[in-house]
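Structural description and commentary
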Amino acid sequence: MIARTFRQLIVLLALAVAPALVSGVVQLKWQQPPPPAAGEITIEEARKLGDQVLWVDARPRAKFERKHLPGAVLLNEDDWVRLVGPFLEAWAPEKTIVVYCDGGSCDASHHVARRIKEELQIENTVWVLQGGWDAWLRHK
Amino acid sequence: MAATQVSSSLLRFAVATVFIYAGTVKILDAQRFALDVQHYELTPWTVSVLVAVYLPWLEVVAGIALIIRRQQLGALVALGGMTAIFLGALLSAWARGLDISCGCFGRESRNIQTNFPLLLAQDLALLLVIGFLFAMEVRRANAERAAM
């Protein structure tokens, strides 16, 4: 009975390989990510900027404290007044600000980027990371 | 006996449907499922992608095998194994305080805040049903062999 079960398991494991290969290639290799929207920067472009980037994490504090991009500062709308000071301390005019949130359909990074531009008058070098935290996970 | 057979058939069909549905929605968005796997922080990205590409197909193939009553023992072991691994991953994520989307049923389960006790209870129930079906299938196979 054990040998029979094992044999059947191997057959099923093998049967799943071919469609997985085909759909994997179709989805992961040929399905290109959409071009960045206005005001967005891709993870590859942001990484090329190296130390010039100031990463701004627009997610809730709990997520930031669990894990964040190296050197990122926390600046979210929930605690804007308290967090804006440390953000301005970390910022320098030559820095390029890249704001990120969870990725997918989150809007927090766009809201924070807009407030940085409008309320803090930092206009030329503020980007939103396309795909957010998820994009970083994919490329780390 | 007849009642047991009917309930066994219904449970077999229900389990197969759950896995075929869960596999299909993940196949349709493998990139998203790879990210869901990555959120468990158990595997490097390459492994998460391989898991995301392969496991949903195994769910579908094993689910179909259950429905058409071919390779049933193997299918039940595969589905039980996947459920057990997922139980372990859920427990580990809960213990580490991770805020994850289980990704179990694709896009629509993603925006729901993770309810670990509910997910664990669901998986445990699924595992018990799979165990029951496996025992029934072993009994049936043994009876067939004895009759020959």
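Residues numbered from 1 in each chain as written. Chains lettered and ligands numbered in written order. Predicted model: local features only at pLDDT ≥ 70, side-chain atom pairs only at ≥ 80, totals over all residues. Heavy atoms only, no water.

1. Section: the overall build of chain B
- The helix and strand inventory of chain B stands at five helices and zero strands.
- Each helix and strand of chain B, placed in order from N terminus to C terminus, yields the pattern α-α-α-α-α.
- A total of 148 residues make up chain B; the buried ones form 48% of that total.
- A sequence separation of at least 24 residues applies to 70% of the contacts in chain B between residues at least 6 apart.
- About 7,400 Å² of surface is accessible on chain B, with carbon and sulfur atoms providing 71% of the total. (Helix = DSSP H or I, 4+ residues; strand = E, 2+ residues; numbered from the N terminus. Buried < 20%, exposed > 50% of the residue type's maximum accessible area, 1.4 Å probe, protein only. Contact = heavy atoms within 4.5 Å. Areas by Shrake-Rupley, 256 points an atom, 1.4 Å probe, with all protein chains shown as cover.)

2. Comments concerning the overall build of chain A
- Within chain A, the regular secondary structure consists of seven helices and five strands.
- Secondary structure elements in chain A, listed N-terminal to C-terminal, are α-α-β-α-β-α-β-α-β-α-β-α.
- In terms of overall size, chain A is more extended than a compact globule, its C-alpha atoms giving a radius of gyration of 21 Å where 140 residues would be expected to give roughly 14 Å.
- A principal-axis box enclosing the C-alpha atoms of chain A has dimensions of 70 × 30 × 25 Å.
- Counting over 140 residues, chain A shows a buried share of 40%.
- Put simply, 66% of the contacts in chain A that link residues at least 6 apart link residues at least 24 apart.
- Between the averaged position of the 17 positive side-chain charges in chain A and that of its 17 negative side-chain charges there is a distance of 13 Å. (Rg over C-alpha atoms; globule rule 2.2 N^0.38 Å. Lys, Arg positive; Asp, Glu negative; His and termini not counted. Charge placed at Lys NZ, Arg CZ, Asp CG, Glu CD.)

3. Re the domain arrangement of chain A
- Taken domain by domain, chain A comprises domain 1 (1-32) and domain 2 (40-138).
- The straight-line distance from the C-alpha centre of domain 1 of chain A to that of domain 2 of chain A is 40 Å. (Domains from an automatic or database assignment.)

4. Focus: the packing of helix α1 (residues 2-27) of chain B against helix α5 (residues 116-147) of chain B
Residue and element names in this part refer to chain B.
- Here α1 crosses α5 at 130°, and the two axes come no closer than 10 Å. Taken together, the axis directions place α1 and α5 in an arrangement best described as oblique. Here the hand of the crossing between α1 and α5 comes out left-handed. For the pair α1 and α5, the contacting residues are Thr4, Ser8, Leu11, Arg12, Val15 and Phe19 in the first and Leu126, Val129, Ile130, Phe132, Leu133 and Met136 in the second.
- Taken together, the residues of the contact of α1 with α5 sort by class into nine nonpolar, two polar and one charged. (Axes fitted to C-alpha atoms, helices over the stretch in contact; angles between N-to-C directions. Parallel < 35°, antiparallel > 145°, perpendicular 65-115°, else oblique. Left-handed = near helix turned anticlockwise from the far one by under 90°. Nonpolar A, V, L, I, M, F, W, Y, C, P; charged D, E, K, R; others polar.)

5. Examining the interface of chain A and chain B
- Counting residues at the interface gives 26 residues for chain A and 33 residues for chain B.
- With both sides pooled, the region where chain A packs onto chain B buries about 2,700 Å², and carbon together with sulfur makes up 64% of that total.
- The largest share of the area that chain A buries against chain B comes from Met1(A), Leu12(A) and Arg138(A), three residues that together contribute 23% of it.
- Where chain A meets chain B, there are one salt bridge.
- Across the pair Asp134(A) and Arg32(B) runs a salt bridge, and its minimum N-O distance is 3.2 Å. (Buried area = accessible area lost by both parts, 1.4 Å probe. Salt bridge = Lys/Arg side-chain N within 4 Å of Asp/Glu carboxyl O.)

6. Points about the sheet that holds strand β3 (residues 73-74) of chain A
Residues and elements named next belong to chain A.
- One open sheet holds the five strands; their spatial order is β1-β5-β4-β2-β3, and the pairing between them is parallel. Of all strands in the sheet, those bounded by a partner on one side alone are β1 (40-41) and β3.
- By the bridge criterion, two bridges tie β1 to strand β5 (residues 126-129) in an arrangement that is parallel. Pairing of glutamate 40 across the sheet is with valine 128, part of β5. (Pairing = 2+ DSSP bridges.)

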